[in-house]
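The residues making up each chain are set out below.
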Amino acid sequence: MRQFLILLIALWGLSSCTTNATFTFHKNQTTSLLAEVDMEGILKFTGDSIMKSFTNKELSKNWKSLYQISKEKGEPITNKDTIELAKRMFLKGLYKGEVPYGFALKADHISQKQWSGMEKISKSENTKYGDLFASVFKWDGETLIFDPQELTKIGKKEKLNSPEEESSETSKEEIKATSDETSEAATSSETGQKIESPFQMKINLFCKFDRKIKSIQGTHPYLQQIDEHTLQFSFNALEKHPKEMGDSKIIIITK
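Details of the overall build of the protein chain
- In terms of helices and strands, the protein chain carries nine helices and twelve strands.
- Relative to its full complement of 255 residues, the protein chain shows a buried share of 45%.
- Sequence-distant contacts in the protein chain: of pairs separated by 6 or more residues, those separated by 24 or more amount to 66%.
- Carbon and sulfur atoms form 50% of the exposed surface of the protein chain, whose accessible area is close to 13400 Å².

So this is what it looks like as C-alpha cells:
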C-alpha cells in the first residue's frame, strides 16, 4: 500500500495522464468522492512495468476498502477511528481486458473532520496527503469555500514532504528534477517563447451539490458552471499558475 501511495504522489506531479474527480457535497455537511486516474499516456513511455509492481490485492478489478487491503497485505490498521474511515474508502484498478491502465478511488459521505483524520492513515503509510482535502475545501452543508491557488497546489512536493527510505528519496528527487525540467520546457525556449510540454497532467475536478447552486462569489478562468448542481475546475497540473489569475477565494452558496 505504501508503494501505491508513493506512486500516486509521483504520478500527480509527473505524467501524461488524466484525473477525473467528482466531489459531491451533501446537505448533511458530508462529502463523497469518485476519482479515476487514466495513466495510458505515461504507460506509453514506461511500458506496463509500473502497474505490474502492484499486486491484485492493491489493484483489484473490484472495489476494495482501504481497510480490507491493509488486512490482505498483512498490515492491518488498528486505530478505531481510522478503521471506520478506511472501511468507507475504496480502491480498484482500471483495466482493459487483463491490462491495468489506471486506478479509481471512492469515498462515501465523509465529514470534514474525517477528511482531516485521513492523516492518520497516511502517517501509517509514511506519506502525507490526508489533510489535503480539508486544507482546500470548507463545506458546512450550504456554503463551499475554496482557494483556487491552493487547489492547483494539490500534489506539489511542498505539501507532501515526508521521511522515506533513502531509495524513495532518491526516486522522488529524480521525479522532481524531471518535473522541473518539464515545467521549464513548457514555459520557455531559446527565444523566450512559451512552448508546449509533451507531458500533461490534466485535472478535471467536478463539484456537485445536493441542492441547486444559488450564487457564486468570485471568478477564475479554470472554473465554469455546468448545470444547476455542478461546477467544473480544470487545469494542467504541470503548468505554472500565476497568483493573479482570478480571485483568491471562491464561495458557492446553495439554496
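Re the sheet that holds strand β12 (residues 250–254)
- Taken together, the four strands give an open sheet; going across it, the order is β6-β7-β12-β9, and neighbouring strands pair in antiparallel fashion. Whereas interior strands pair on both sides, the edge strands pair on one side only; in this sheet they are β6 (137–139) and β9 (213–217). Direction aside, the axes of adjacent strands within the sheet are offset by 15° on average.
- Across four bridges, β9 lies against β12 in antiparallel orientation. Paired with I213 across the strands is T254, a residue of β12.

Some points on the packing of aromatic side chains
- Under the definition given, this model contains eleven aromatic pairs.
- Taken together, F23, F25, F137, W139, F146, F209, Y222, F233 and F235 form an aromatic cluster joined through their ring pairs.
- Here K96 stacks its cationic end above the ring of Y101, 5.6 Å away from the centre of that ring.
- Over the ring of F90 we find K106; its NZ or CZ atom is 5.6 Å from the centre of that ring.

A short note on the side chain of T254
- Position of T254 relative to the elements: it lies in strand β12.
- Here T254 falls in the buried class, since its relative accessible area comes to 6%.
- A distance of 2.8 Å separates a polar side-chain atom of T254 from the backbone oxygen of E142.
- Filtering out sequence-adjacent residues up to four positions away, T254 remains in contact with W139, G141, E142, F209, R211, K212, I213 and K214.

Details of the sheet that holds strand β3 (residues 64–65)
- Strand order across the open sheet formed by eight strands is β3-β4-β5-β2-β1-β8-β11-β10, with mixed pairing between neighbours. In this open sheet, the two edge strands, each paired with only one partner strand, are β3 and β10 (223–227).
- Bridge count for strand β4 (residues 89–96) against strand β5 (residues 99–110) is eight bridges, and the pairing is antiparallel. Residue pairing for β5: L94 is matched across the bridge by G102.

Here we look at the pattern of salt bridges
- Applying the stated criterion across every chain yields a total of two salt bridges.
- In this structure, E72 and K64 form a salt bridge, with 2.9 Å as the shortest nitrogen-oxygen distance.
- Under the relative-accessibility criterion, K64 is labelled buried at 16%.

Overview of the pairing of strand β8 (residues 201–209)
- In this sheet, β8 lies alongside strand β1 (residues 17–25) in parallel orientation, the contact comprising nine bridges. Each bridged residue has a counterpart across the sheet, and for F23 the counterpart in β8 is C207.
- Two strands pair when backbone bridges link them, and β8 and strand β11 (residues 230–236) are joined in this way by seven bridges, in the antiparallel orientation. Opposite C207, over in β11, you have L231 as the bridge partner.

Concerning the pairing of β5
- Inspection of the sheet shows strand β2 (residues 31–38) paired to β5 by seven bridges, in the antiparallel sense. Along β5, the bridge assignment pairs V37 with F103.
- In this antiparallel pair of consecutive strands, β4 and β5, the connection spans two residues, and G97 shows a positive phi of 70°.

Parameters and conventions
Here the residue index of a chain counts from 1 through its sequence in written order. At least 70 in pLDDT is required for a residue's local features to be given in this predicted model, at least 80 for side-chain atom pairs to be given and counted, and no such filter applies to totals for whole chains, interfaces and linings, which use all residues. Hydrogens and water molecules were not included; the side-chain quantities draw on all heavy atoms of the structure. A helix here means a DSSP run of H or I that spans at least four residues, while a strand means a run of E at least two residues long, and both kinds are numbered starting from the N terminus. Summary of the burial criterion: residues with accessible area below 20% of their type's maximum are buried, those above 50% are exposed, and those between are partly exposed, where the area comes from a 1.4 Å probe applied to protein chains only. The criterion used for residue contact is that any of the two residues' heavy atoms lie within 4.5 Å. Method for areas: the Shrake-Rupley scheme with a 1.4 Å probe, in which residue coverage is limited to the protein chains shown. A pair of strands counts as paired when DSSP detects no fewer than two bridges linking them. Think of each axis as a best-fit line through the C-alpha atoms, taken over the contacting stretch in the case of a helix, with angles from 0 to 180 degrees between the N-to-C directions. Note on aromatic pairs: the rings of Phe, Tyr and Trp (six-membered ring only in Trp) are paired at centre separations within 6.5 Å, and the planes decide the class, stacked below 30 degrees, edge-to-face beyond 60, tilted for the rest. The rule is short: NZ of Lys or CZ of Arg within 6 Å of the ring centre and within 35 degrees of the ring normal puts a charge over the ring. Polar contacts here mean pairs of N or O atoms no more than 3.5 Å apart (in protein, one a potential hydrogen donor and the other a potential acceptor; neighbouring residues in sequence count only if both atoms are side-chain atoms). Salt bridges are defined as contacts in which a side-chain nitrogen from Lys or Arg sits within 4 Å of a carboxyl oxygen from Asp or Glu.

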